[in-house]
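Observations on the model geometry
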Amino acid sequence: MKPAWLSEVLESYKGDDNVTKLTGGLSTTPDSFPNYSFTRGLLRYKGRVYVGSSGNLRQKLITCFHDSHIEGHSGNLGTYQRLKGPFFWPGMKREVEK
């Protein structure tokens with residue numbers, strides 16, 4: 001059984017041209033994009049889970065990491081620092097700042 005978050009990540013790949021380019025290249029030539037890997041349908045960048053642009057998962061993650069009950073309400077830098085540990089997407093820092 002897949003965790004719910006994994007299904008949301010996979011859904012975020014649908015319609016994302018960058019994901020299509022990366023996964024297509026990595027499927028045929030695994031070393032075609034340095035630092036990226038694609039296994040069992042999951043795209044990673046430097047070991048971090050790549051979140052696609054489709055849907056609202058990116059915004060949900062930003063909100064979740066910003067409003068953490070453990071560390072309290074955090075600003076842009078704190079949110080970005082915690083978010084970039086397990087996740088990646090192009091322009092993440094700018095999106096967190098917005």
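This write-up is about the structure you can find in this document. Note that the structure is a prediction, hence the values are computed from the model and not measured. (Residues numbered from 1 in each chain as written. Predicted model: local features only at pLDDT ≥ 70, side-chain atom pairs only at ≥ 80, totals over all residues. Heavy atoms only, no water.)

**Description of the pattern of salt bridges**
Per the stated rule, a full pass over the model turns up 3 salt bridges. Taking the shortest distance from any N to any O, the salt bridge between E95 and R58 comes out at 3.8 Å. On the criterion of sequence distance, the pair formed by E95 in helix α5 (residues 92–97) and R58 in helix α3 (residues 57–66) is long-range, its members being 37 residues apart. Residue E95 is classed as partly exposed on the basis of its relative accessible area of 26%. Owing to a relative accessible area of 13%, R58 belongs among the buried residues under this scheme. (Salt bridge = Lys/Arg side-chain N within 4 Å of Asp/Glu carboxyl O. Helix = DSSP H or I, 4+ residues; strand = E, 2+ residues; numbered from the N terminus. Buried < 20%, exposed > 50% of the residue type's maximum accessible area, 1.4 Å probe, protein only.)

**Side note on the packing of aromatic side chains**
Scanning the model with the defined rule gives 6 aromatic pairs in all. With 6.4 Å between their ring centres and 50° between their planes, Y36 and Y50 make a pair best called tilted. Residue Y36 is located in strand β1 (residues 36–39), and its partner Y50 is located in strand β3 (residues 48–50); the two are separated by 14 residues in the primary sequence. Taken individually, Y36 and Y50 each receive the classification buried, so the pair is uniform in this respect. Their ring planes at 90° and their centres at 6.1 Å tell us that F65 and F87 sit as a pair that is edge-to-face. (Phe/Tyr/Trp six-rings, centres within 6.5 Å; stacked < 30°, edge-to-face > 60°.)

**A closer look at the nonpolar core**
Ranked by internal contacts, the top residues of the largest apolar core, which has 24 residues, are Y36, L43, Y50, L61, L83 and F87. Of all the elements in the fold, those that place two or more residues in this core are α1 (4–12), α2 (17–28), β2 (42–45), β3, α3, α4 (76–83), β4 (87–88) and α5. Not counting chain neighbours up to four residues away, the residues in contact with F87 comprise R48, V49, V51, L61, F65 and M92. (Core = buried A, V, L, I, M, F, W, Y, C linked by side-chain atoms within 4.5 Å. Contact = heavy atoms within 4.5 Å.)

**Section: the environment of N18**
As for its placement among the helices and strands, N18 is situated in helix α2. N18 sits 58 residues away from N76 along the chain, and the two C-alpha atoms are 25 Å apart.

**Structural notes on α2**
Across its 12 residues, α2 extends 17 Å between first and last C-alpha, which sits within 8% of the 16 Å expected from 1.5 Å per residue. In this structure, the buried residues of α2 make contact with β1, β2 and β3. Between a side-chain oxygen at the N-terminus of α2 and the backbone nitrogen of N18 the separation is 2.9 Å; the capping residue is D16. (Expected span 1.5 Å × (residues − 1). Polar contact = N/O pair within 3.5 Å; in protein donor to acceptor, adjacent residues only side chain to side chain.)

**What to know about the sheet that holds β1**
Read across the sheet, 4 strands follow the order β1-β2-β3-β4 without closing on themselves; strand pairing throughout is mixed. Sheet topology places β1 and β4 at the edges, where each strand pairs with a single neighbour. Note that β1 and β2 share 4 bridges and pair antiparallel. Across the sheet, Y36 pairs through a bridge with Y45, a residue of β2. (Pairing = 2+ DSSP bridges.)

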